[in-house]
Every structure is written in C-alpha cells, then in structure tokens.
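Read off the chains here:
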Amino acid sequence: MAKSYAISLISALAASTSLSQSQSNTAFADGSLSFSPFSSSSSSSSSSSPGQSSQPSTAAADEPAPPSKVRNDNPRTSSAGFDPEALERGAKALREISVSSNAKKAFELMKKQEETRQVEISAKTAEYKAMQAQAETERQRVMYDEQKKLAQHQAQTKSQMARYEDELARKRMQAENEYHRSRNQELVKMQEESSIRQEQARRATEEQIQAQRRQTEREKAEIERETIRVRAMAEAEGRAHEAKLAEDVNRRILVDRANAEREKWVAAINTTFDHIGGGLRAILTDQNKLVVAVGGVTALAAGVYTTREGARVIWGYVDRILGQPSLIRESSRGKYPWSGLFSRAWSSVSRGSDKGSASTNGKGFGDVILHPSLQKRIEQLSGATANTKSHNAPFRNMLFYGPPGTGKTMAARELARKSGLDYALMTGGDVAPLGSQAVTKIHQLFDWAKKSNRGLLLFIDEADAFLCERNKTYMSEAQRSALNALLFRTGDQSKDIVLALATNRPGDLDSAVADRIDEVLEFPLPGQGERFKLLKLYLDRYIAQAGSRKPGLFNKLFKGEQQKIEIKGLTDDILMEAAAKTEGFSGREIAKLMASVQAAVYGSENCVLDASLFREVVDYKVAEHQQRSKLGAAGGGSS
C-alpha cells in the first residue's frame, strides 16, 4: 500500500513539477518551507537512525552507477519538452524511503506537509481570488473613471463641437447676411436705375402725349373754326335763299304800302299848302300883319339863341366850380354835391346789406377773390385806413402791381368801401391827350378830392402811362409838367387823399413817384383754389342768374321773361378740373371764359348747360390762351 501511495505521489509530484516548471519554474517559491521534501526526509531519516543509514548506502553501492548524462542548460529544448532530473531525484528518494524503517513516519510527515501545503495553497488561492476581486473592482473603478472621463471628454468635445458649429453657423449667417446686404444694395441700385429709366420713359411719354394733345387741340380748334365758318356760310346761304323767296312778296307789300302812304302824304301836303298859301296871301296883302310877323320871328330867334348861350356859359362855370373833374371815370361821390345825397344813402344801405351778406356767407371781401395772404393784407390795410381817418392821422399811399385782370381795381374799390372812404377812379392814359391843360386838370382833381368830408381814395390805373421816368426821350413837356404837378400835390403826407397806383410794370415808374409809396402789394395770377372760386362765382352770375329780372312793375309790364339756363351734371369736380386746366388765367380771362360758356349755351337749341358743353368751351379757351401766349412770346422775342 505504501508503495502504491508512493508511486502515485511520485507521479503527482512529477506532474506538478512539470506543470510548475512550465508555468513559473518554482511551484513553492512563496511557501513557508524552502527545502525539498525528499532531501529533508532522507536527511532526517538518516539522522534519526544512524544504524540503518549504512544499508541504503550499501544497497546503493551495490546498485550499478547511473550513466553519466550530458548537462542540458536549456531543458525546454529537449525532445520530451521537460526536465527529468527532478523526477529522477524523486524516484531515488522514494526508493530510499521505501527501504527505510521510517517510511511510514516519513509518509505521514509528507502527508502533513502536503496538507499544510494544500492549506497554504488554499489560503493563497483565497488571497489570490481576493486580490483578483480587488483587482477586478479596481479595474471596474478604473473603467468607470475612464468611462466618466470619456463621457466628460465626449461632453466637452461635443460642447466644443457645438460651439464650433455655432461659430461656423454665425460666420455662415454673417456671410449670408453680408451677401444678402450686398445683394439688396445691388437690387436697390438696380431698382433705382430702373425707376429712373421708367421716370425718364414716363416723362418722354408724357411729353409726347402732351405734344400729341396740343396737336390734337390745335387740329380740333382748326376743325371747330372751319365748322363754324361752314355753318355760318350755310346759314347765310339759307337766309339768302329765304330772303330771295320772300323778296317778291315783300316787294309787293312795300309797293302797296308806299302807294298808300304817298297818296296820304300828297293829300296832307296839298291841304297844308292850301292853308299856308291862304295865310301868306293874307299876310302879304296886309302890310301891318307882315311887319308883326317878321318882328315876332326875329325876336323869337334872338331869344332862343341868347338863352342857349347864356345857359351854356353859366352851366360851364357851375360845372367848373362844383362839378366832378373830367379825369374822373368813376366815383362813389356824385357829379355835383346835391346829386350824391341819394347815391351815398343808397351806397350806405348797400354796404350794410353787403356786410350782412358777407358775414352770412363768410366772404369778407365781397366778389373780390384773391390769394388768402393778399386778401388778409388788404383787409388789414382797410382797417388801418379806417383807424387812420378816425384818429385824424395822415394816410399811407399804395402801389398795386401785377398782370392785367388780377383784380387791382376791384380791390381798390373794396378797400375804399371797407375803410369808409369815397373813391375815384382815373386812368393815366387820359392825361397825355390833355396837353397843356393836363396841369390844370391835375390841380382841379386834387382840389375836388380835398372837398370830400370822409376822405377819398384816388385810384390811378395804368399809372406808368404818365408817371414814367422823366428822362424818357419820348416824354413830352406837357407830360413832364403833369408829373411834376402830381409830385407837388403829393409831396407831403395827406389827411384827405389816399393815393393808390396800379401798374403792370412797376419798374417804369419815376423814382420820385416810388418814393411817395408807403405800401406795395403784388397781385399775382390766381391759383387753382382761387380759380375754382372764380368759376363758381361767375357760374352763378352768368349762368344761374342769367335769366332772372329785378322785381318791379315796369319790368313785369314792358320786359318779357328771359329763358333761364338749365344746368345738368356740372359738379364741383368738373369745376375743379376746369380750374386745373386754366393754369395761367387771370380773373378777367375766367370771367370771359364763363361769358363764352353763356354764349355757347344761348347758341344751343335747348338752352341747357351740361358737362360736355362746359368742357368743350373750356378746352377751346385754354387752347386760345396758349396760342395767345405763344404769339406774345414770339412778339416779345422778335422785338
């Protein structure tokens, strides 16, 4: 049994030895025992029984010696793949133990050693497992830390990538914005260039349309003139034909009437001459009757002649002393002092009614329609003039200048009425024909003006006709004397006379005349708003009130009722359109325009004013105004 156990132990030792050599060269390097079990057992057995030690040695000596082996420094390179030396020593030790008397003790000792070694191996195995678990734990912790670091690194990398992507997106957006901005600038520039080109094309088209329209208007005016001429010729031919047809009948009627009238007048003449012949025969036959008849006829003729010449002389004297000067064309004062009582009373009543109507209608200046700033300035001057008269202060002289027909005369008349003064109108063209009498007439005019108790506004229209520069070569000596007379009478500020001059060329006035002017007012051409108001005013005056009669028995008995004009479809929009078309028209031209509209309505069959007829007359007058302006410009350029 011990032998079989030893054999199994040797085989296990051999296997473990080969395994330990293949894995770590020493199986028990970390154990508590550092000696070989076989050598220790042999040494202990030899030391415990010295008497028996000679027997194995003897037996060993009797055995043949093993053959010498060649030393192999590298047993791994042998053909068997392991070192047999340890196995040989183990076999030798087992043989020694088997022949020994203490083999049992040796085996027990070996068993105990093996058990101890197995316990140590188990402890080392447990320690190794604990170390392995700790290493696994450490590895798991390291892996967790690495994973955590990796996650942090990935998060950091992701945030860096996000920041980089955001920066790239921001740069890309900035680049896109810069591109869009430059593109928008290019588009705006292209749009501006396109709009400029479109505006140029529109202007060229509009100019072409205007040229075509003017050409069409000229052709239309030519056609209208030709139509009027043809119509007039046709009407004249018709009237001539009718006259020819009625000529025979009229001739017979006239012949019969003339024969009857001739017979009647012949009978009357015969009867008259019979009576005259009888009277003359009676006078000629009686000498006393002849003397009385001749003396009576002579006395009657002398009395008539003397009375007529005496009345003419007396009336001329009275007219020279009390009458109105011949230079005055219009005045609110009567021609004679007693003749103006009724007119002044009537004018005061009319002014009161005008004030009431003006206050109710909201028109502070009657029928005079001016620019609001100019109208306000004239109203201020009228108030200042009225206050000047009430405070007995000297008046201020005025100059009205502007194109013809802009309301200078009407404004002067309304200014005098508003300020409570009398007014007198004269024109400068009446002074030159007077010749040497001009100075006398000027002094008579100012003497007459001073007799006004209310004060007088002397309005001189076309003042540049005789108040021009005195160094003009064509100015006569009589005109210079008249100018000097007016300058003499206006040298000082007057408390009786307001001098108002009106002219189209203020630069032609003499410097001394300009020095006597205190207020200068410009009367421009009416704007579109003023033209609209003028069109409404003259539409009401010439069209709406054209057929109306003043109330009175005489008018009802002796004057028939005129046919009134019917207005259809003429709205304020059409009037505003006409006001826009009549650019450059003066107030007088607008009045003439509405008079032409009235004439066109009276020339129609049904006496109706509609929008088409109104537009037709307006277009015709606008074309006429443009043609007149071109002719004036051509005349001015040629001169």
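Looking up the protein chain in an unreviewed UniProt entry gives the name AAA+ ATPase domain-containing protein, with the organism given as Acer negundo.

(A) Just the sheet that holds strand S2 (residues 398-401), in detail. Ordered in space as S1-S3-S4-S5-S2-S6, the 6 strands form an open sheet in which the pairing is mixed. A strand with exactly one partner marks an edge of an open sheet, and here the two such strands are strand S1 (330-331) and strand S6 (519-522). Pairing of strand S3 (residues 422-427) with strand S4 (residues 456-461) involves 6 bridges; the strand directions are parallel. Across the sheet, Ala424 pairs through a bridge with Leu458, a residue of S4. Seen against the sheet, helix H8 (residues 372-390) touches S2, strand S5 (497-503) and S6 and runs at an angle of roughly 150° to S6. Helix H10 (residues 438-450) contacts S1, S3, S4 and S5 of the sheet and is inclined by roughly 150° relative to S4.

(B) View of the side chain of Arg489. Here Arg489 lies in helix H11 (residues 477-489). Among the polar contacts listed, one links the side chain of Arg489 to the side chain of Asp447, at a separation of 3.0 Å. Once residues lying within four places of it in the same chain are set aside, the contact partners of Arg489 are His443, Phe446, Asp447 and Lys450.

(C) Local environment of the confidence of the model for the protein chain. When the pLDDT values of the protein chain are averaged, the result is 77; 76% of them are 70 or greater. Ignoring residues within four places in sequence, the model shows residues 19-63, a span with pLDDT below 50, making 32 contacts including any to other chains.

(D) Highlighting the packing of H8 against helix H9 (residues 408-419). Packing of H8 against H9 brings their axes to within 8 Å, and their N-to-C directions diverge by 40°. The orientation of H8 relative to H9 falls into the category oblique. Taken as a pair, H8 and H9 cross one another with a handedness that is right-handed. On the side of H8, the interface is formed by Ile378, Leu381, Ser382, Thr385 and Ala386, while H9 contributes Ala411, Leu415, Lys418 and Ser419. When grouped by side-chain class, the residues that make up the contact of H8 with H9 number 5 nonpolar, 3 polar and 1 charged.

(E) Geometry of the pairing of S5. Burial runs high along S5: 7 of the 7 residues are buried. Of the two faces of S5, the one carrying Ile497, Leu499, Leu501 and Thr503 and the one carrying Val498, Ala500 and Ala502 are both buried. Relative to S5, S2 runs parallel, the two being bridged by 4 bridges. Note that in S5 the partner of Leu399 across the bridge is Leu501.

(F) Seen up close, empty space enclosed by the protein. Evaluation of the coordinates by the stated rule reveals 2 cavities of 30 Å³ or more. In this model, the largest cavity occupies a volume close to 40 Å³. Every residue lining the largest cavity is listed: Ile574, Glu577, Ala578, Lys581, Phe614, Arg615 and Val618. It is helix H15 (residues 572-581) that contributes the most residues to the lining of the largest cavity, 4 residues altogether. The computed volume of the second largest cavity comes to approximately 30 Å³. As for the second largest cavity, its lining consists of Leu486, Leu487, Thr490, Leu499, Leu501, Val513, Arg516 and Ile517. Of all the elements in the fold, those that place two or more residues in the lining of the second largest cavity are H11 and S5. Of the residues assigned to the lining of the second largest cavity, the class counts are 6 nonpolar, 1 polar and 1 charged.

(G) Region of interest: the pairing of S6. In S6, alternate side chains face the same way, and those of Glu519 and Leu521 are buried while those of Val520 and Glu522 on the opposite face are not. Relative to S6, S2 runs parallel, the two being bridged by 4 bridges. In the sheet register, Phe400 faces S6, and the bridge partner there is Leu521.

(H) Representation of the nonpolar core in the model. Within the largest apolar cluster, 32 residues are counted, with the highest numbers of intra-cluster contacts made by Leu458, Ile460, Leu467 and Leu501. Counting only elements with at least two residues in this core, the list comes to S3, H10, S4, H11, S5 and helix H12 (511-515). Per-element tally for this core: the top contributor is H10, with 6 residues. When near neighbours in sequence (up to four residues on either side) are disregarded, Leu458 contacts Ile328, Ala424, Met426, Leu445, Phe446, Ile497, Val498, Leu499 and Ala500.

(I) A look at the pattern of salt bridges. This structure, assessed with the given rule, holds 33 salt bridges. Among the salt bridges present, the one from Arg181 reaches Glu178, with a minimum N-O distance of 2.4 Å. Here Glu178 and Arg181 lie together in helix H5 (residues 103-285), a separation of 3 residues that amounts to about one turn. Judged by its relative accessible area of 41%, Arg181 is partly exposed.

(J) The arrangement of the packing of aromatic side chains in detail. Applying the stated criterion across every chain, the model contains 3 aromatic pairs. Taken together, a centroid distance of 6.3 Å and an interplanar angle of 40° make the contact between Phe400 and Phe459 tilted. Note that Phe400 is positioned in strand S2 and Phe459 in strand S4, a separation of 59 residues in sequence. Phe459 shares its class with Phe400; the two are buried.

(K) Layout of unusual backbone geometry. Located in the positive-phi region is Asn392, a residue other than glycine, with phi close to 55°. The residue Asn392 is located in the loop between H8 and S2 in this model. Look at Asn392 and you get exposed, because its relative accessible area is 53%. Phi at Glu462 takes a positive value of approximately 50°, unusual for a residue other than glycine. Residue placement: Glu462 occurs in the loop between S4 and H11.

(L) Structural view of the packing of helix H13 (residues 528-544) against helix H16 (residues 587-603). Orientation of H13 relative to H16, taken along the N-to-C sense of each, is 40°, at an axis distance of 9 Å. The angle between H13 and H16 places the two elements in the oblique class. For the pair H13 and H16, the sense of crossing is right-handed. In this structure, H13 contributes Arg531, Leu534, Leu535, Tyr538, Leu539, Tyr542 and Ile543 to the contact, and H16 contributes Gly587, Ile590, Ala591, Leu593, Met594, Ala595, Val597 and Gln598.

(M) Looking closely at H9. Taking 1.5 Å of rise per residue, the 12 residues of H9 would be expected to cover 16 Å, and the 16 Å separating its terminal C-alpha atoms lies within 8% of that figure. For H9, every residue scored as buried is listed here: Lys408, Ala411, Ala412, Arg413, Glu414, Leu415, Ala416 and Ser419. Those residues of H9 hidden inside the fold are in contact with S1, H8, S2, S3, S4 and S5. Gly420 sits one or two residues past H9 and shows a positive phi near 80°.

Calculation criteria
- Residues numbered from 1 in each chain as written.
- Predicted model: local features only at pLDDT ≥ 70, side-chain atom pairs only at ≥ 80, totals over all residues.
- Heavy atoms only, no water.
- Pairing = 2+ DSSP bridges.
- Helix = DSSP H or I, 4+ residues; strand = E, 2+ residues; numbered from the N terminus.
- Contact = heavy atoms within 4.5 Å.
- Axes fitted to C-alpha atoms, helices over the stretch in contact; angles between N-to-C directions.
- Polar contact = N/O pair within 3.5 Å; in protein donor to acceptor, adjacent residues only side chain to side chain.
- pLDDT = per-residue confidence, 0-100.
- Parallel < 35°, antiparallel > 145°, perpendicular 65-115°, else oblique.
- Left-handed = near helix turned anticlockwise from the far one by under 90°.
- Nonpolar A, V, L, I, M, F, W, Y, C, P; charged D, E, K, R; others polar.
- Buried < 20%, exposed > 50% of the residue type's maximum accessible area, 1.4 Å probe, protein only.
- 1 Å grid on protein atoms, 1.4 Å probe; cavity = no way out; pocket = protein on both sides within 12 Å on 5 of 7 lines; lining within 4 Å.
- Points joined across faces, edges and corners; volume = space filled by probe spheres on them.
- Core = buried A, V, L, I, M, F, W, Y, C linked by side-chain atoms within 4.5 Å.
- Salt bridge = Lys/Arg side-chain N within 4 Å of Asp/Glu carboxyl O.
- Phe/Tyr/Trp six-rings, centres within 6.5 Å; stacked < 30°, edge-to-face > 60°.
- Expected span 1.5 Å × (residues − 1).

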